[in-house]
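Working through the structure, step by step
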Amino acid sequence: QVQLVESGGGLVQAGGSLRLSCAASGRTLLVMAWFRQAPGKGREFVAHISWSGGSTFYADSVKGRFTISRDNAKKMGYLQMNSLKPEDTAVYYCAADVSPVRIGVPSAYHYWGQGTQVAVSS
């Protein structure tokens, strides 16, 4: 069994930064990803990282501004978010799975955290 717990969300002004954390328990040889969901919208892929950390992939909307990373010794995943924009406002979710067939599709991930709210004011 895997449990994921996100933290680090909050309210920030446009142009600011936040660092989200995802604490994992149980098995950790998992691909990790971050998704987000804005009010009235579907869950959107943000970023993905392989279990070793050697491979990352980002949505075009966050490329160059967000950085995904992980520390397997600490069983932690991170999402560093810089140059935040009001359109980044959403609930951010950490997700994990052994080997998702399609890394950008929410249904490919079995394990999810409860989400952490990020609000960016203009």
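The notes below deal with the structure included here. (Residues numbered from 1 in each chain as written. Predicted model: local features only at pLDDT ≥ 70, side-chain atom pairs only at ≥ 80, totals over all residues. Heavy atoms only, no water.)

**Topic: the packing of aromatic side chains**
Applying the stated criterion across every chain, the model contains six aromatic pairs. Here the aromatic rings of Y93 and W112 are separated by 6.3 Å at their centres, their planes lie at 80 degrees, and the arrangement is edge-to-face. Of this pair, Y93 sits in strand 9 (residues 90–97) while W112 sits in strand 10 (residues 111–112); the two residues are 19 residues apart in sequence, bridging distant segments of the chain. Judged by its relative accessible area of 26%, W112 is partly exposed. Among the aromatic residues, ring-to-ring pairing joins F35, F45, F57, Y93, Y109 and W112 into one connected group. (Phe/Tyr/Trp six-rings, centres within 6.5 Å; stacked < 30°, edge-to-face > 60°. Helix = DSSP H or I, 4+ residues; strand = E, 2+ residues; numbered from the N terminus. Buried < 20%, exposed > 50% of the residue type's maximum accessible area, 1.4 Å probe, protein only.)

**Digging into the side chain of E6**
Assignment of secondary structure puts E6 in strand 1 (residues 3–7). Look at E6: it is buried, it has no salt bridge, and the nearest opposite charge is R43 at 7.5 Å. Engagement of the side chain of E6 in a polar contact is seen with the backbone nitrogen of C94, the distance being 2.8 Å. The residues touching E6, leaving out its near neighbours within four places in the chain, are S21, C22, W34, Y92, Y93, C94, G113, Q114, G115 and T116. (Lys, Arg positive; Asp, Glu negative; His and termini not counted. Salt bridge = Lys/Arg side-chain N within 4 Å of Asp/Glu carboxyl O. Polar contact = N/O pair within 3.5 Å; in protein donor to acceptor, adjacent residues only side chain to side chain. Contact = heavy atoms within 4.5 Å.)

**Brief notes about the pattern of salt bridges**
This structure, assessed with the given rule, holds four salt bridges. E44 is the salt-bridge partner of R36, the closest N and O atoms lying 2.8 Å from each other. In this structure R36 comes out as buried when scored by relative accessible area, which is 5%. Taken together, the shared-partner salt bridges in this structure form one network comprising R36, E44, R65 and D88.

**Observations concerning the state of the cysteines**
Under the definition given, this model contains one disulfide. Disulfide partner of C22: C94, at an S-S distance of 2.1 Å. Negative torsions about the S-S bond denote left-handed disulfides, and the value of about -75 degrees found for C22 with C94 makes this one left-handed. Of this pair, C22 sits in strand 3 (residues 18–25) while C94 sits in strand 9, and the two are 72 residues apart along the sequence. C94 shares its class with C22; the two are buried. (Disulfide = S-S within 2.5 Å.)

**Some thoughts on the nonpolar core**
With 34 residues, the main nonpolar core has W34, V46, F66, L79, M81 and Y92 as its most contacted residues. The set of elements that each furnish at least two residues to this core consists of strand 3, strand 4 (31–37), strand 5 (44–49), strand 7 (66–71), strand 8 (76–81), strand 9 and strand 11 (116–121). In contact with L79, other than residues within four places in its own chain, are L18, R19, L20, W34, V46, A47, F66, T67, I68 and Y92. (Core = buried A, V, L, I, M, F, W, Y, C linked by side-chain atoms within 4.5 Å.)

**As for the environment of Q114**
For Q114, the location among the structural elements is in the loop between strand 10 and strand 11. You can call Q114 partly exposed: its relative accessible area is 48%. Ignoring sequence-local partners within four residues, the contact set of Q114 consists of L4, V5, E6 and Y93.

**Structural notes on the pairing of strand 7**
By the alternation rule, side chains of strand 7 split into F66, I68 and R70, which are all buried, and T67, S69 and D71, of which none is buried. As paired strands, strand 7 and strand 8 are joined by six bridges and run antiparallel to one another. Residue pairing in the sheet places F66 in a bridge with M81 of strand 8. Taking the residues between adjacent antiparallel strands as the criterion, strand 7 and strand 8 are bridged by four residues, where K75 takes a positive phi near 55 degrees. (Pairing = 2+ DSSP bridges.)

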